[in-house]
Amino acid sequence: MEQNQVAGSAAQSETAAGPALTDGFHVVIEALKANDIDTIFGLVGIPITDLARLAQAQGLRFIGFRHEQHAANAAAIAGFITQKPGIALTVSAPGFLNGLVALANATVNCFPMILISGSSEREIVDLQQGDYEEMDQLNIAKPFAKASFRVNHIEDIGIGFARAIRAALSGRPGGVYLDLPAKLLAQTMPLEAAKRSLVKVVDPAPRQIPAPDAVARALDVLKGSKRPLILLGKGAAYAQADEAIAALIERSGIPYLPMSMAKGLLPDTHPQSASAARSFVLAQADTVLLIGARLNWLLSHGKGATWGAEEKQWASKRFVQIDIAATEMDSNVPIDAPLVGDIGSCVEALLAAMGGDFARADPSWVNAVAEKKAKNIEKMSASLNANPSPMNFHSALRAIRDVMREHPDVYLVNEGANTLDYARSIIDMAKPRKRLDSGTRGVMGIGMGYAIGAAVTSGKPVVAIEGDSAFGFSGMEVETICRYNLPITTVIFNNNGVYRGTDTNPTGGSDVAPTVFVKGARYDKMIAAFGGIGKHVTTPDELAAAIQEGIRSGHPTLINAVIDERAGTESGRLTNLNPQSGAKKS
Ligand code: ADP
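Keep in mind that what you see is a predicted model, and the values were worked out from it rather than measured. (Residues numbered from 1 in each chain as written. Predicted model: local features only at pLDDT ≥ 70, side-chain atom pairs only at ≥ 80, totals over all residues. Heavy atoms only, no water.)

Caption draft 1: Local environment of helix H15 (residues 343–354). Over its 12 residues, H15 extends 16 Å from the first C-alpha to the last, a length consistent with the 16 Å expected when each residue adds 1.5 Å. Those residues of H15 that sit buried are Ile343, Gly344, Ser345, Cys346, Val347, Leu350, Leu351 and Met354. Here the buried face of H15 lies against helix H11 (212–223), helix H12 (234–238), helix H13 (242–252), strand S11 (287–291), strand S12 (318–323) and strand S13 (337–340). One or two steps after H15, the chain reaches Gly355, where phi turns positive at roughly 60°. (Helix = DSSP H or I, 4+ residues; strand = E, 2+ residues; numbered from the N terminus. Expected span 1.5 Å × (residues − 1). Buried < 20%, exposed > 50% of the residue type's maximum accessible area, 1.4 Å probe, protein only. Contact = heavy atoms within 4.5 Å.)

Below, the structure is given as structure tokens:
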């Protein structure tokens, strides 16, 4: 009770007994404000409820979720969009653990965020004497975070936040854990000294200029190439060096391939985009310039048939890699020309070194890519233009593609198996950092968190295209969307199950197959329970009209789109990652 009063008052006024005091609650809020952080995504409970109340009272925005994973995912994507660390706030032990999933995801995806969790009494935790929600959170967080800190004294809150912000943003961005014990929040100190203890972090993500000899080496490798390719990753999108990247691509004439969250850095309709000829360019290119993209599983580790090489072998290609993390070089294949620095500085240095007389990419290569692209687009158009009933992924996504073309500023969140794979290739993006998806780990569960994070941060409409399985992981957050009246239109691709809805139980027993959900579920009724707009659609025209209306209205909308339950393949395009099993149905 006493703690509530301290937190509720602005600061204790000066008395005859001594100087004016403030408390840990206030200093935490002031530390955030000093660094222009204006939003907290979280879920209240012991010991951080008063912190959330005070944040709101002091003019910060507190967005309350139904599960910490989604609050932390919202913070992570806010970090990706804004280059400021997104802040997630959770209670101790279970709330912290729920947030940890998203912290790990932020770290792996290089998104800057800070997960702040309240924690129990250190003395009891360290002796394992069984405190309320006892857990050694700091140590548990370490393997999942870029850095982890705990603040034990009120005097150190300013420095603690400075370290967390700098760790999240500098170099390769990532997730940071900040442990705030309950006792810290209740500590007091003189108000004037507290003001002096705050740190405004200066230049939290310093530019890292590449060495001139590394730039010259990179240029030499590119100049010696006959079939060059530029590969843009989400690091390139994050870096916000859009103009320099566009200039490099357009001045060099080199075909480029965007990874999924780099789509829109240049409009996907750009003549140099090789997206529709992906397999061709990866196999045929002789030199690849990676910009903020890692040669991980999403790029077959730079090896094997994808790259025109023998199984498990490196291709005979030359690689130039731009990355802020020197340790990323040679992670999967040898890098001929590492260019370590921030993407903006590296690309500008390359442009400067290229000068005006850089020979554009060989026309025979450029034409070969264009021909392959045209052929593939032609092949795809038959399935896109078909109108089967019930809808399949292609016909539904064609409808969404056409609507999205009219709304280049709308964010697109996307997760699922088939829903993710098909949407990625069918829906063009026209602007950078608008496509937010399952990312490096190909995870399910980011949907509503990312949608809320994007809508709150940007104030712009969001369309979330969700597999019915993927939606299940964060579905309860539709209440959050309705509570804050966010301009989010969620489309559920409902094919009655994980991958498909047609599997059966081979024993003939009453349990359905592991991949099957309730048939004919009406997800649209979920949002109606919270005052949102629910739509049930069965044709591409109805789907297009419902999305247009959702975007136009600016109100929470959920569209249950009925997809043929026979449509879709196991694990989408990742069928090959499933170990072989005699029991598995094809
Ligand atoms: P994708 O999955 O789209 O290929 P990744 O997440 O694998 O992208 O790769 C992003 C890369 O970008 C990481 O290696 C990261 O270190 C790098 N990166 C992130 N921000 C910057 C930046 N500002 N400058 C340089 N490299 C960056």
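Caption draft 2: Highlighting the site of the ligand. Looking at the ligand, there are 20 residues lining it, with Arg172, Lys234, Arg294, Asp323 and Ile343 nearest. Take Arg172: an N or O atom from its side chain is 2.7 Å from an oxygen atom of the ligand. At a separation of 3.3 Å, an oxygen atom of the ligand approaches a polar backbone atom of Gly292. Notes on the ligand: free accessible area 580 Å², of which the protein chains cover 96%. Looking at the shell around the ligand element by element, the count peaks at three residues for H12. Of the residues belonging to the shell around the ligand, the class tally is nine nonpolar, six polar and five charged. (Near = heavy atom within 4 Å. Polar contact = N/O pair within 3.5 Å; in protein donor to acceptor, adjacent residues only side chain to side chain. Areas by Shrake-Rupley, 256 points an atom, 1.4 Å probe, with all protein chains shown as cover. Nonpolar A, V, L, I, M, F, W, Y, C, P; charged D, E, K, R; others polar.)

Caption draft 3: Expanded view of the pattern of salt bridges. Here the structure, examined in full by the defined rule, presents 25 salt bridges. With a closest N to O distance of 3.0 Å, Glu479 and Arg66 form a salt bridge. One end of the pair, Glu479, is in helix H21 (residues 478–483); the other, Arg66, is in the loop between strand S3 (61–64) and helix H4 (68–82), with 413 residues separating them in the sequence. Residue class for Glu479 comes out buried when judged on its relative accessible area of 15%. Glu123 is the partner of Lys183 in a salt bridge, and the nearest nitrogen-oxygen pair spans 3.6 Å. (Salt bridge = Lys/Arg side-chain N within 4 Å of Asp/Glu carboxyl O.)

Caption draft 4: Inspection of the sheet that holds strand S16 (residues 462–467) at higher detail. A sheet is described by the order of its strands in space; here six strands give the open sequence S15-S14-S16-S17-S19-S18, paired in parallel fashion. Edge positions in the sheet fall to strand S15 (435–437) and strand S18 (533–537), since each has one partner strand and no second. Each strand of the sheet is rotated relative to its neighbour by a mean of 15°, with strand direction disregarded. Packing of helix H18 (residues 418–426) onto the sheet brings it into contact with strand S14 (411–415), S15, S16 and strand S17 (488–494), and relative to S14 it is tilted by some 140°. (Pairing = 2+ DSSP bridges. Axes fitted to C-alpha atoms, helices over the stretch in contact; angles between N-to-C directions.)

Caption draft 5: Quick look at the packing of helix H2 (residues 24–34) against helix H3 (residues 49–57). At a minimum axis separation of 10 Å, H2 and H3 run at an interaxial angle of 50°. Judged by the angle between their axes, H2 and H3 are oblique. In this structure, the crossing between H2 and H3 has a hand that is right-handed. Here Phe25, His26, Val28 and Ile29 of H2 lie close against H3, whose contacting residues are Asp50, Leu51, Leu54 and Ala55. Looking at side-chain class alone, the contact of H2 with H3 contains six nonpolar, one polar and one charged residues. (Parallel < 35°, antiparallel > 145°, perpendicular 65-115°, else oblique. Left-handed = near helix turned anticlockwise from the far one by under 90°.)

Caption draft 6: Inspection of the environment of Gly86 at higher detail. Inspection of the secondary structure assignment puts Gly86 in strand S4 (residues 86–90). Spatially, the C-alpha atoms of Gly86 and Gly459 are 16 Å apart, while their sequence positions differ by 373 residues. Excluding residues that lie within four positions of it along the chain, Gly86 makes contacts with Ala75, Gly79, Pro112, Met113 and Ile114.

Caption draft 7: The arrangement of the sheet that holds strand S10 (residues 256–258) in detail. The strand order across the open sheet formed by five strands is S10-S9-S11-S12-S13, and the pairing between neighbours is parallel. Because the sheet does not close on itself, it has two edges, and the strands there are S10 and S13. For this sheet, the mean inter-axis angle between neighbouring strands, taken without regard to orientation, is 15°. As paired elements, strand S9 (residues 228–232) and S10 share three bridges and run parallel to each other.

Caption draft 8: Spatial organisation of a nonpolar patch on the surface. A surface patch of nonpolar side chains, about 260 Å² in accessible area, is lined by Trp297, Leu574 and Leu577. Secondary-structure assignment places Trp297 in the loop between S11 and S12. Classification of Trp297 as partly exposed rests on a relative accessible area of 31%. (Patch = residues over 30% accessible without salt bridge, like charges linked within 9 Å, V, L, I, M, F, W, Y side chains within 5 Å.)

Caption draft 9: Seen up close, unusual backbone geometry. Backbone torsion omega between Ile46 and Pro47 reads 5°, so that peptide bond is classified as cis. Tracing the backbone shows Pro47 in the loop between strand S2 (39–42) and H3. The omega torsion across Ser389 and Pro390 is -5°, close enough to zero to call that bond cis. Assignment of secondary structure puts Pro390 in the loop between helix H16 (363–385) and helix H17 (393–405). A positive phi is found at Asn496, a non-glycine position, where the angle reads about 70°. Examined against the element boundaries, Asn496 turns out to sit in the loop between S17 and helix H22 (524–528). Backbone geometry at Tyr499 places phi at a positive 70°, although glycine is not the residue there.

Caption draft 10: A look at the nonpolar core. By size, the foremost hydrophobic cluster in this structure holds 94 residues, and its most contacted members are Phe41, Phe80, Ile114, Ile157, Leu178 and Leu436. Considering each element in turn, this core owes the most residues, nine residues, to H4. Ignoring any residue separated from it by four or fewer positions in sequence, one finds Leu436 in contact with Ile77, Phe80, Ile81, Met261, Tyr411, Leu412, Val413, Asn414, Tyr450 and Ala454. Of all hydrophobic cores here, the second largest spans 34 residues; its members include Val221, Leu265, Ile291 and Val320. (Core = buried A, V, L, I, M, F, W, Y, C linked by side-chain atoms within 4.5 Å.)

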